[in-house]
Amino acid sequence: MRHIDKRFGAVHANRDISLAIPAGTIHGIVGENGAGKSTLMSILYGFYQADSGEILIGGTRRVITRPVQAIKAGIGMVFQHFKLVENFSVLENIVLGVETGPLLHHVLTHARAELQRLAHDYALEVDPDAVVSTLPMGLQQRVEILKALYRDARVLILDEPTAVLTPREAESLFDTLAQLVAEGLSLIFITHDFGIVAKMCDR
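Please read these numbers as outputs of a predicted model, since none were measured by experiment.

Moving on: the overall build of the protein chain. Assigned secondary structure in the protein chain consists of seven helices and eight strands. Taken against the 2.2 N^0.38 rule, which gives 17 Å for 203 residues, the C-alpha radius of gyration of the protein chain at 17 Å falls within 12% of a compact globule. Dimensions along the principal axes, computed over C-alpha positions, put the protein chain at roughly 50 × 40 × 30 Å. In the protein chain, which comprises 203 residues, the proportion classed as buried is 46%. Working note: accessible area of the protein chain is about 10400 Å², and carbon and sulfur atoms make up 53% of it. Once the 19 positive and 23 negative side-chain charges of the protein chain are each reduced to a mean point, those two points are 7 Å apart.

The structure is reproduced here in structure tokens:
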């Protein structure tokens, strides 16, 4: 991101911000409430558009005005308040928005196999047939991460990821994220917790 600037009326949310996030690193975006952290990452994810500045991915300038463009560019985001359909199953949430072909059962069969692979590879096990509303917050967060991985995210933004987790769930999350980084993903932590920065972040 180069020279990102964003105003909301009189509020100057982001002022000439530049940052680079190499592959295989964890980058902390740190500040108190209202500092502009989520605004900056929402620009990267296409929820907001910067007033000025540019985004480059792999050295190529990209125009991202909607989340679907961010997803196609390999960017995923796990929000502090999850974007799941609570009365859908885990599997249905995973495929929602990326269904292809006229026969949904073929899509679900493929998605189930891929979900099982991802869950096994990254220790993100969750029952694919469970209704999301019945799951504790830690497992709902797993579903959000699996959604991003299912969409081939190479950059994963996590907004205050430990805010809804127990200490044990947080440790499990850190183990998973360390594995993702080892495989070359770039992770971005939005946080106000300097303990997380010291424990997990490269920058």
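Still more ground to cover, so stick around.
Right, let's get into the pattern of salt bridges. Taken as a whole and judged by the stated rule, the model has eight salt bridges. Among the ionic pairs, Arg 117 bridges to Glu 114, the shortest N-O distance being 2.7 Å. Of the two residues, Arg 117 and Glu 114 both sit in helix α4 (residues 104–121), three residues apart, roughly one turn of that helix. With a shortest N-O distance of 3.8 Å, Lys 199 and Glu 171 are connected by a salt bridge. Of this pair, Lys 199 sits in helix α7 (residues 194–200) while Glu 171 sits in helix α6 (residues 167–182); the two residues are 28 residues apart in sequence, bridging distant segments of the chain. On the basis of relative accessibility, which here comes to 47%, the residue Lys 199 falls in the partly exposed class. One continuous salt-bridge network, built from bridges that share partners, spans Arg 2, Glu 54 and Arg 61.

One open sheet holds the four strands; their spatial order is β2-β1-β4-β5, and the pairing between them is antiparallel. The open sheet terminates on both sides in strands that have one partner only, identified here as β2 (11–17) and β5 (60–62). Put simply, the sheet's adjacent strands are angled 35° from each other on average, direction ignored. Bridging between strand β1 (residues 2–8) and strand β4 (residues 52–57) involves two bridges; their strand directions are antiparallel. Within the sheet, the bridge partner assigned to Arg 2 lies in β4 and is Glu 54.

If you trace the four strands from one edge of the open sheet to the other, you get β3-β8-β7-β6, paired in parallel fashion. Looking at the sheet topology across the chains shown, the edges are occupied by β3 (26–30) and β6 (75–78). Sheet twist, expressed as the mean angle between neighbouring strand axes with direction ignored, is 15°. Inspection of the sheet shows strand β7 (residues 155–159) paired to strand β8 (residues 186–191) by five bridges, in the parallel sense. The residue bridging Leu 158 from the neighbouring strand is Phe 189, located in β8. Across the sheet, helix α1 (residues 37–44) lies against β3, β6, β7 and β8, angled at about 150° from β8, the strand it touches most. Contacting β3, β7 and β8, α6 runs over the sheet at an angle of about 145° to β8.

Reading the values: rules and limits
Residues numbered from 1 in each chain as written. Predicted model: local features only at pLDDT ≥ 70, side-chain atom pairs only at ≥ 80, totals over all residues. Heavy atoms only, no water. Helix = DSSP H or I, 4+ residues; strand = E, 2+ residues; numbered from the N terminus. Rg over C-alpha atoms; globule rule 2.2 N^0.38 Å. Buried < 20%, exposed > 50% of the residue type's maximum accessible area, 1.4 Å probe, protein only. Areas by Shrake-Rupley, 256 points an atom, 1.4 Å probe, with all protein chains shown as cover. Lys, Arg positive; Asp, Glu negative; His and termini not counted. Charge placed at Lys NZ, Arg CZ, Asp CG, Glu CD. Salt bridge = Lys/Arg side-chain N within 4 Å of Asp/Glu carboxyl O. Pairing = 2+ DSSP bridges. Axes fitted to C-alpha atoms, helices over the stretch in contact; angles between N-to-C directions. Contact = heavy atoms within 4.5 Å.

Note that every value here comes from positions in space, so none of it alone points to a role or purpose.
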